[in-house]
Each structure stands twice: as structure tokens, then as C-alpha cells.
Amino acid sequence: MTVLITGGAGFIGANFVLDWVAHTAEKIVNLDKLTYAGNLESLASLNNNPQHVFVQGDIGDSELLPKLLAEHQPRAVLNFAAESHVDRSIHGPGDFIETNIVGTFRLLESVRGYWQSMGADGQRSFRFLHVSTDEVYGSLTPQDPAFTEQHQYEPNSPYSASKAASDHLVRAWHHTYGLPVLTTNCSNNYGPLHFPEKLIPLMIVNALAGKPLPVYGDGMQVRDWLYVKDHCSAIRRVLEGGRLGETYNVGGWNEKPNIEIVNTVCALLDELRPRSDGQSYATQITYVKDRPGHDRRYAIDARKLEKELGWKPAETFETGIRKTVAWYLDNTEWVAHVQSGAYRDWVTKQYKA
Ligand code: NAD
Ligand code: TYD
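## Section: the site of ligand 1
What surrounds ligand 1 is a group of 28 residues, the closest being I12, D32, S84, Y159 and K163. A distance of 3.1 Å separates a nitrogen atom of ligand 1 from a polar backbone atom of K33. Elements supplying a minimum of two residues to the shell around ligand 1: α1 (11-23), β5 (127-133), α6 (158-177) and β7 (188-190). No other element matches β5, which puts three residues into the shell around ligand 1.

## A word on the environment of E306
Here E306 lies in helix α10 (residues 303-309). Given a relative accessible area of 29%, E306 falls into the partly exposed group. Linking E306 and A76, residues 230 residues apart in sequence, is a C-alpha distance of 23 Å. Setting aside anything within four residues of it in sequence, one finds E306 in contact with W311 and K312.

## Here's the deal with the packing of aromatic side chains
In the structure shown here, the tally under the stated rule is 16 aromatic pairs. Aromatic side chains Y36 and F195 sit 5.3 Å apart centroid to centroid with 85 degrees between the ring planes, which places their arrangement in the edge-to-face category. Highlighted residues: Y36 in the loop between β2 (27-32) and β3 (52-56) and F195 in the loop between β7 and α7 (199-208), separated in sequence by 159 residues. Residue Y36 is classed as buried on the basis of its relative accessible area, which comes to 18%. Joined through ring pairs, the aromatic side chains of Y137, F147, Y153 and Y298 make up one cluster. Just above the ring of Y36 sits the side chain of R88; from NZ or CZ to the centre is 3.4 Å.

## Focus on the site of ligand 2
For ligand 2, the set of nearby residues contains 16 residues, the closest of which are E135, P214, N258, R291 and H294. E135 is positioned with one of its side-chain polar atoms (N or O) 2.6 Å from an oxygen atom of ligand 2. N188 has a polar side-chain atom sitting 2.9 Å from an oxygen atom of ligand 2. In the complex, 96% of the free accessible area of ligand 2, which totals 510 Å², lies under the protein chains. Broken down by secondary-structure element, the contributors of at least two residues to the shell around ligand 2 are α7 and β8 (213-216). Looking at which element gives the most residues to the shell around ligand 2, the answer is β8, with three residues. Tallied by class, the residues present in the shell around ligand 2 amount to six nonpolar, five polar and five charged.

## A word on α7
Within α7, seven of the ten residues are buried, which leaves the element mostly enclosed by the surrounding structure. When α7 is considered as a whole, its buried residues turn out to be I200, P201, M203, I204, V205, N206 and A207. With its phi angle positive at about 75 degrees, G210 sits one or two positions after the end of α7.

So, how was this worked out
- The written sequence of each chain sets the order in which its residues are numbered from 1.
- Labels are handed out in written order, letters beginning with A for the chains and numbers beginning with 1 for the ligands.
- Given that this is a predicted model, residues contribute local features only at a pLDDT of at least 70 and side-chain atom pairs are listed and counted only at 80 or more, while totals for whole chains, interfaces and linings are drawn from all residues.
- Heavy atoms from the whole structure form the basis of all side-chain values; hydrogens and water molecules are not counted.
- We call a residue near a molecule or strand as soon as one heavy atom of that residue lies within 4 Å of the molecule or strand.
- Under this definition, polar contacts are N or O atom pairs within 3.5 Å; protein pairs additionally need one hydrogen-donor-capable and one acceptor-capable atom, and for neighbouring residues in sequence, both atoms have to be side-chain atoms.
- The helix count covers DSSP runs of H or I at least four residues long, the strand count covers runs of E at least two residues long, and both are numbered beginning at the N terminus.
- The cut-offs for exposure are 20% and 50% of the maximum accessible area for each residue type, with area from a 1.4 Å probe on protein chains only; residues under the lower value are buried, those over the upper are exposed, and the others partly exposed.
- Note on contacts: a residue pair is in contact if any heavy atoms of the two residues lie within 4.5 Å.
- Stacked, tilted and edge-to-face are the three classes applied to pairs of Phe, Tyr and Trp rings, where Trp contributes its six-membered ring and a pair requires centres within 6.5 Å; stacked means planes under 30 degrees apart, edge-to-face means over 60, and tilted covers the rest.
- A ring is considered to have a charge above it if a Lys NZ or an Arg CZ atom is located within 6 Å of its centre and within 35 degrees of its normal.
- In these tables, accessible area is a Shrake-Rupley quantity obtained with a 1.4 Å probe, and a residue counts as shielded only by the protein chains included in the view.
- Just so you know the grouping, Ala, Val, Leu, Ile, Met, Phe, Trp, Tyr, Cys and Pro go in nonpolar, Asp, Glu, Lys and Arg go in charged, and all remaining residues, Gly too, go in polar.

Dropping the structure here:
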């Protein structure tokens, strides 16, 4: 048996591939375009492992996809591939439309062709799992209840709008063509292998480099944070037990304002790698201009996933953030390569791409 993952060289995808190999004996084919966010060095431990097959390519490639699907005959396709950074989507929304909307459409079409060519048993057990975000639901006030799966879509950034569009396409391919789909909408992830342009890894890396820690606006925007390995276990659970056509919210029950996150990171670094001048890393916090259209609060109600499929996060924020800071302290080479772009040379050398 085989599954095909897209975007498996990115932050969550790479964590998922590593977990998959650790938890199952099933082959995993990994299709990734290797944009700036894709890093095969994250999967270096699988170099000689035949359970993982890497293919460089675009989810929107309508020639490559049917060939790949026919060759590997996966029982499931898990779509992680996306442009994922809100700030980049504000500076240049084009890539987000191209990959997240047009790419998902083309991928759905390739998968539909493959699925329709399968026998009845194969069709019945096949799954297309689409990995999405809580940002499609828009912004909450402090008093609002957390997002349930019934919350209407109110995306506010080019990123969240493009993800919302992709969710709608996935839904439509189920209702119109019967494609057996599942969608997960998850809150902010953190953990190992996170590209240091996102809040938590950026703060760790900047703190250690003696640089300012840029907090947008008043720092009181609230996000729900989930340790990435818990997101991976939720996806595995939904893949195996989720009801067809349903969406499942995934969250950590960890709502925190950004400034609290940054202070926690600083306190952990003060403990684990104190500054040589004895001062706290918190002295590096710098308030900067707010992000345009910045959503004030996200919060996830993950009770459906718990009630139907028995999933709960294993990590609290306190345990997860400690592991995360420790990982960055132990993996300075990974960070240095990502920052210098050196992993691209590494990929060329390693895979002769
Ligand atoms: P990421 O930016 O770290 O990784 C994305 C990966 O997709 C990269 O390896 C990139 O090379 C690849 N990719 C981009 N365009 C592609 C294309 N056209 N074809 C093939 N591969 C392509 O993102 P991430 O944080 O790992 O997020 C993975 C998924 O989870 C995304 O769909 C994102 O919307 C969703 N999500 C992320 C979070 C979060 O907090 N990071 C939360 C909820 C949902
Ligand atoms: P981010 O990690 O970009 O995720 P998202 O925008 O998808 O939630 O940002 C998390 C929060 O941190 C968000 O409210 C924006 C804020 N933020 C900062 O305050 N400073 C920064 O340098 C970054 C990257 C984010």
C-alpha cells in the first residue's frame, strides 16, 4: 500500500513524512515543487530509506500527476502543498492564487481521473485529504465562541482567501463527482523544521543572533497554537476514520496573544542559553508597524474531532514550546543552511536535481 503526499518537504509535510515512516510500514511518495519553503535537508534521515520516494514537481502539472498516480497507485492523496505565509501573500498574491487555487484545481482533476479509473473496491477505500487552515473563518472578537465547522467562511488575507477557495473546490469535487474527500482546518502550528519567517522560529533565531524581535502592532493578536506532531496525528486519524465529505477542525486549546508567545520564547532562551551580558532576550522585543488587515483572534473548537474520532493533542503549549526551543538550539546548522539558501546546493549535490 502507498500514499502520496504533496508539499512533504515543507514544515508540516516533512514532519508528517517523518512521523509516517516512524508509525507505519507503508510507502509514502512525496511530491514537492521545492519552492523557497521546501527543504529536503529536513528529510535527510530518510535518504536511504525506500519507504520514502521523493519526486520534484508541481501539483498543477497535469502531465506529471496522472503518470505518478498510475505508477504508484496510492490509496490516498494528502494535499499539504501551498504557499503558506500571510506576509508574503500581502506582498505578492499571485503565487498564492496559482498554487493554492489553480494548483488545487488541477490536482483535483488529476486525482479524479485516477480515482475514476480504479475498480469498485479501490474507489470505495480511496481518500483525498486536503490540509487547510482556521484562517478561512476570518477573525473573532474576544467574546466570540471558537470556530466550529459550521462557522461561515470570511477570509481576510490573500492567503486565507486562496485557502478558502481551495476548500470550496475540494467540497465541490465531492458533491459533484463523488470524489471521497476529507478536509482538515487547523490552527497555527509550531515545532521542529519550521521555516524562520514565521513567528516562533523567527523569534528564536533573531534572539540568538542578537537581532530585534519584531512584534506587529500591539502584540495582542490571539492565535491558537498546536504542536506540529499533534497536527500530524490528527491528520492520520482523520485519514483512517473521517466521514467522507466532512471537515474537521484541529486545534490545541492554546489561545495566546503574540506578545505572550514571544515572552515565553525569551524566558526559555534565558534559561537554556542565557545571554552573555546577563540581560533577558526580552530586551530585544521591538514593536513594529502592524500587518495590513491583521486578523485579531483565531480560536478553534476541536470537539467534533475528539467526539467522533477520539483525537486529542498530546502536548500542552508548555511542553511543546520547550521541545521546540531545544530543537532550534540543537539544530543551528539546519537554520544556517535555510537562511543562506545552502540547502539548495545540498539538494543539487544529494539528488543531482
Ligand atoms: P510550508 O510553506 O512550510 O510548505 C509548503 C510546501 O509546499 C513546501 O515544501 C513547498 O515547496 C511546497 N509547494 C509549494 N507550492 C507547490 C506546488 N505548486 N506544487 C508542489 N509543492 C509545492 O507550509 P506548511 O506550514 O508546512 O503548511 C502545509 C499546509 O498546511 C498548507 O496547506 C497550509 O495552508 C496548511 N496549514 C498550515 C498551518 C501552519 O501553521 N503552518 C496551519 C494550518 C494549516
Ligand atoms: P505567522 O507565524 O506569520 O502566522 P499567521 O499569520 O498565519 O497566524 O504569525 C503569527 C502571528 O504573529 C500573527 O498574528 C502575526 C504575528 N507576527 C509578528 O508579530 N511578528 C512577526 O515577525 C511575524 C512573522 C508574525
